[in-house]
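# Observations on the model geometry
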Amino acid sequence: MSRKNQNQDITRRGFIKTGGAVVAGLAATRLAPTETLAAEGGAKTVTVSSQKIAALTRWPRYGAAEKNRLHELIDSNKFYEELPLFEKEWQDYTKAPFVKCHMNGSSALTSMYFALDVPAGSEVMVPTYTFFSACLAMRFSNLVPIFIDIDPKTACFDLEDAKRKLTPRTKAVEAMHSWGLPCEMDHICDWANEKGLVPLEDAAHAHGASMKGKKMGTWSQMGIYSFQTSKVMPSVEGGMGMYQTREYYERAFAFGHYEAPAKFAKDSPVRAYEGTGFGQKYRMHPLAAAVARMQLKGLDALNALVEKNVRALNDRLTQLPGLTEPRCRPDQKRAYYHANMLFVDFKKLGFSRDALVKALKAEGVGASFWDYPEQHKLKIYSEAKWWHHPPKIPEKMPGCAYVNANHIFVPLFYGEASELIDQYVKAFEKVWAQRDRLAKA
Ligand SMILES: Cc1ncc(COP(=O)(O)O)c(C=O)c1O
């Protein structure tokens, strides 16, 4: 490191050290904006090679284990044996009383709403900040969504909003663990039980996440996972349903598996539907199950590595004024899906998000943002013809609006990344030191 850079580094470390005080006084202390931003012709802060960064951020991560298992399976010709093997391993991992793999997360959702077995026109609470199928899958069981806001501190289900929106038709409440952060399922389940609602979980983002030692997807009566390519445990495509009771399991299983009823006890109410099930064919592809089995073996180790890298970065970044991360309770163990989401209070800081992302990108930081579609704003919910009765379209969703307007994403690193993390911190500090100027840009 050159003497000039060393001096800059000392200044930066001094800034980070006093970060707590800065946060308290927000505008009180400023790092002298001595360095020219890369966007304005200065030197780029991130110098780790693009090949190394590509290797650290590559997703999905398949290797010899997946290739070998696929070859073994093709050679063996025993394709369908892979499905119960995967289910057994997933059940051992999550400790769910019953599990069934489906062809994707969306078909697991459709099966779950069918299994719910509540009268047509019943309403199910869902976060509006979610994937379309979490809401639309219920249409096939004649259920209607009630759109719930998210907590701006977590981007997860806002129980207080749910309490305000309870109707006499509400029968179930479904929470989604956004970006791998568990919803507060203890509070949600307590409230649901008190009101006689069935708690449900969409854990499509949260493989390996748990609360009080209990895996997400097992807190509620039924939960689902997706193993689609982008997910924390990808099998290219695939899904899983988790069930607390035999009744839910059998109905959800039989919905998309015509061969299922024959497996059930003679007195099962579903047994008589042998040969048809309830109209869909949702079998998971066995080659995907083979990939999922290998991914599951490495899941905890990869999650731990990602977490270590996130902590090394976020513990320093969150000392910058106005920059926070989603709140995670000490008894929650979160996973990280897609990216490392950071909250930046742009209004308070006077930054524009475009200006910040442009400046960070020029420094070599893989900064981005992506506003999650708010389901209630999409066309299909406003047209009565698709629904048993029209879903109520809320006028305002302040939690969603805040999160969508005040986040940025930085990549997750799936390998030893200390040098890159250090450079990321320096890039943020450099940009933050110029924030008054950026505010005017
Ligand atoms: C929150 C959520 N739920 C459900 C799903 C559906 O999963 P799949 O794509 O496997 O159908 C997704 C997929 O992106 C998701 O993000």
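Residues numbered from 1 in each chain as written. Predicted model: local features only at pLDDT ≥ 70, side-chain atom pairs only at ≥ 80, totals over all residues. Heavy atoms only, no water.

## Let's talk about the site of the ligand
The criterion, for reference: Each residue is tested against the molecule or strand, and it is near if at least one of its non-hydrogen atoms lies within 4 Å. Whenever a nitrogen or oxygen atom comes within 3.5 Å of another N or O atom, the pair is scored as a polar contact, on the condition that within protein one atom can donate a hydrogen and the other can accept it, and that pairs from neighbouring residues in sequence are kept only if both atoms are in side chains. Calculation of accessible area relied on Shrake-Rupley with a 1.4 Å probe; when residues are assessed, cover is drawn exclusively from the protein chains displayed. Under the grouping applied here, Gly and all other residues not named as nonpolar or charged are polar, the nonpolar ones being Ala, Val, Leu, Ile, Met, Phe, Trp, Tyr, Cys and Pro and the charged ones Asp, Glu, Lys and Arg.
In the vicinity of the ligand there are 16 residues, among which Gly105, Ser106, Asp202, Ser226 and Lys231 approach most closely. In this structure, an oxygen atom belonging to the ligand sits 2.7 Å away from a side-chain N or O atom of Lys231. For the ligand, whose unbound accessible area comes to 390 Å², protein coverage reaches 93%. In the shell around the ligand, the residues fall into 5 nonpolar, 9 polar and 2 charged.

## Points about the sheet that holds strand β10 (residues 323-324)
Our working definition: We call two strands paired when DSSP finds no fewer than two bridges between them. Going along the chain from the N terminus, every DSSP run of H or I of four or more residues is numbered as a helix, and every run of E of two or more is numbered as a strand. Contacts are assigned to residue pairs with any non-hydrogen atoms lying within 4.5 Å of each other. Geometry is summarised by axes, namely lines fitted to C-alpha atoms with helices restricted to the contacting stretch, and by angles between N-to-C directions that run from 0 to 180 degrees.
Taken together, 3 strands build an open sheet; the order of strands is β10-β12-β13 and the sheet is antiparallel. If you trace the sheet from one side to the other, it starts and ends with β10 and β13 (407-410), each paired once. Sheet analysis places β10 next to strand β12 (residues 340-344), joined by 2 bridges and oriented antiparallel. Within β12, the residue paired with Leu323 across the bridge is Val344. The strands that helix α11 (residues 286-317) touches are β10, β12 and β13; relative to β12, the one it contacts most, it runs at about 5°.

## Remarks on the pairing of strand β9 (residues 239-243)
Where we set the bar: For the exposure calls, accessible area comes from a 1.4 Å probe over protein chains only, and a residue counts as buried if that area is under 20% of its type's maximum, exposed if over 50%, partly exposed in between.
Along β9, 5 of the 5 residues are buried, which leaves the element largely enclosed by surrounding structure. Here strand β1 (residues 98-102) runs beside β9; their pairing, made up of 5 bridges, is antiparallel. Bridge pairing links Cys101 to Met240 in β9. Bridging between strand β8 (residues 222-226) and β9 involves 5 bridges; their strand directions are antiparallel. Bridge assignment links Met222 to a residue of β9, and that residue is Tyr243.

## What about the pattern of salt bridges?
What counts here: A side-chain nitrogen of Lys or Arg and a carboxyl oxygen of Asp or Glu constitute a salt bridge if their distance falls within 4 Å.
In the structure shown here, the tally under the stated rule is 28 salt bridges. The partner of Glu363 in a salt bridge is Lys430, with the nearest N and O atoms 3.0 Å apart. One end of the pair, Glu363, is in helix α13 (residues 353-363); the other, Lys430, is in helix α16 (residues 418-432), with 67 residues separating them in the sequence. By relative accessible area, Lys430 is classed as buried at 5%. It is possible to trace a salt-bridge network through shared partners that takes in Asp151, Glu184, Asp186, Lys212, Arg327, Arg329 and Asp331.

Functional significance is not addressed by these values, which are geometric in nature.
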